[in-house]
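# Remarks on the overall topology
For reference, the chains in residue letters:
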There are 2 protein chains.
Amino acid sequence: MPEPVDFYFDFSSPYGYLASTQIDALAAKHGRAVRWHPILLGAVFKVSGGAPLTTVPLKGEYAVRDMARCARLLGVPFKLPSKFPIPTQAPARLTLWARQPDDAGAKRLALALYRAYFADDRDISSPEVCADVAAACGFDRACAAAGMNDASVKDALKVEVEQAIERKVFGSPYLIVDGEPFWGADRLDQVERWMASGGW
Amino acid sequence: MPEPVDFYFDFSSPYGYLASTQIDALAAKHGRAVRWHPILLGAVFKVSGGAPLTTVPLKGEYAVRDMARCARLLGVPFKLPSKFPIPTQAPARLTLWARQPDDAGAKRLALALYRAYFADDRDISSPEVCADVAAACGFDRACAAAGMNDASVKDALKVEVEQAIERKVFGSPYLIVDGEPFWGADRLDQVERWMASGGW
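Residues numbered from 1 in each chain as written. Chains lettered and ligands numbered in written order. Predicted model: local features only at pLDDT ≥ 70, side-chain atom pairs only at ≥ 80, totals over all residues. Heavy atoms only, no water.

Attention now moves to the packing of helix α7 (residues 127–136) of chain B against helix α8 (residues 141–148) of chain B. Residues and elements named next belong to chain B. Close contact between α7 and α8 brings their axes to 8 Å; oriented N to C, the two are set at 135 degrees. Taken together, the axis directions place α7 and α8 in an arrangement best described as oblique. Considering the relative orientation of α7 and α8, their crossing is right-handed. Across the interface between the two elements, Pro-127, Glu-128, Cys-130, Ala-131, Asp-132, Ala-134 and Ala-135 from α7 touch Arg-141, Ala-144, Ala-145 and Met-148 from α8. Of the residues that constitute the contact of α7 with α8, the class distribution is eight nonpolar, no polar and three charged. (Axes fitted to C-alpha atoms, helices over the stretch in contact; angles between N-to-C directions. Helix = DSSP H or I, 4+ residues; strand = E, 2+ residues; numbered from the N terminus. Parallel < 35°, antiparallel > 145°, perpendicular 65-115°, else oblique. Left-handed = near helix turned anticlockwise from the far one by under 90°. Contact = heavy atoms within 4.5 Å. Nonpolar A, V, L, I, M, F, W, Y, C, P; charged D, E, K, R; others polar.)

Next up, the structure:
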């Protein structure tokens, strides 16, 4: 079996959301699994000096248009949330909590959280909203709400962020295929070629 | 005839170089001409707060790898120049000088300038080097050297930069198709789809 693809993303990242709707199917075509790594871009930006895209003059305005255009091209529902960007500890921790027993369930939950935020304009920075999404995905609501606050889950997120920084992740989505890094939903075509060809 | 595509680029932009090797053929497939607009990203960055890509922590290091990888995929010779980035008044003015009588000749010259910088590591911030490239392209060397310093050519570059800023250009390459803006060599596939379909 080839190595899994590593997929780093922040729940407040529109392009991370777009990539999340594609990456597993894309990797599966090439016999690859995908490891999903929710991270906190705020912590990463302290190292990289980055800033939330929509706050950047001119580029931010363009990005809002580009996000919607890319989403339409993929046929993915998208609306820039009324509160944007948001802190994403709650959905990241919830995903890591769900991952411990069930990686596939955690991915379904992550997709539902992303959709709640970017398609339905629900504020997933709220642990209450996150617990509601978990319940709608079939998780026990009380367990999910408690799980997000578990010390081991908080530590797991810290480790994810530290490892991402060690691996020089500076944005979302960020994908690593056999050691080769790819940044951006617009590199998914190259990610696919890399998996198919082993590089060029 | 459909409207020409507007192609904004800085001669120090690796992704601008990559786009320059593709855009005319791509537009021609859809019966479109392309207007080439050399600009000065330094002036644009004063408005947008942007910074030369390779100076950005982490992202810069990634970008160097990504540029080379994108170039290999396109089959375009590329080597990050030993002096990078550079001021680009000289090649931009030379291109505008050549454009006055001969748009096609100006594009050949612009391609040769880009190649001199990104394939052959020649410092095109130097007016002397630019004049040499012009001579190799069949222009009269003395006329080219004088033309770069012509007041009307300097003014033409100021106008190009001002118009770019008015049109909210914040990076290179930046393409406008029927009023729709696209930033980055990685949007050429969308540029092509937009020309083919009239949008989505």
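All chains considered together, the criterion is met by 40 aromatic pairs over all chains. Among the aromatic residues, those joined into a cluster by ring pairs are A:Phe7, A:Phe9, A:Phe11, A:Tyr17, A:Trp36, A:Phe78, A:Phe84, A:Tyr114, A:Tyr117 and A:Phe118. (Phe/Tyr/Trp six-rings, centres within 6.5 Å; stacked < 30°, edge-to-face > 60°.)

This next bit is on unusual backbone geometry. All names here are of chain A. With an omega dihedral of -5 degrees, the bond running from Ser-172 to Pro-173 counts as a cis peptide bond. Within the secondary structure, Pro-173 is located in the loop between α9 (151–166) and β3 (174–177). Phi is positive for Leu-58, close to 65 degrees, though the residue is something other than glycine. Since its relative accessible area comes to 18%, Leu-58 is described here as buried. (Buried < 20%, exposed > 50% of the residue type's maximum accessible area, 1.4 Å probe, protein only.)

Residues and elements named next belong to chain A. The strand order across the open sheet built from four strands is β2-β1-β3-β4, with neighbouring strands paired in mixed fashion. Only two strands of the sheet have a single neighbouring strand rather than two, namely β2 (34–38) and β4 (180–183). Adjacent strand axes in the sheet meet at a mean angle of 20 degrees, parallel and antiparallel pairs treated alike. Bridge analysis of β3 against β4 gives four bridges, and the strand direction is antiparallel. Residue pairing across strands places Leu-175 opposite Phe-182, the latter belonging to β4. The strands touched by helix α6 (residues 103–118) are β1 (5–9) and β2; relative to β2, the strand with the most contacts, the crossing angle is about 50 degrees. (Pairing = 2+ DSSP bridges.)

Looking now at the relation of the copies chain B and chain A. By a simple turn and slide, chain B fits onto chain A: the slide is 0.0 Å along the axis, the RMSD is 0.0 Å, and the turn is 180 degrees. Taken together, the rotation and translation relating the two chain copies correspond to the operation of a two-fold axis. For chain B, the smallest separation between a C-alpha atom and the rotation axis is recorded for B:Asp186, amounting to 3.3 Å. A shared interface surface links the copies, since 100% of the contact residues of chain B are contact residues in chain A too. (Least-squares fit on C-alpha atoms with pLDDT ≥ 70 in both.)

Linking two cysteines covalently through their sulfur atoms gives a disulfide. A full pass over the atoms with the stated rule returns zero disulfides over all chains. Unpaired in terms of disulfides, A:Cys70 finds its nearest cysteine sulfur in B:Cys70, a separation of 15 Å. Owing to a relative accessible area of 9%, A:Cys70 belongs among the buried residues under this scheme. Note on A:Cys137: no disulfide assigned, nearest cysteine sulfur contributed by A:Cys130 at a separation of 11 Å. With a relative accessible area of 30%, A:Cys137 lands in the partly exposed category. (Disulfide = S-S within 2.5 Å.)

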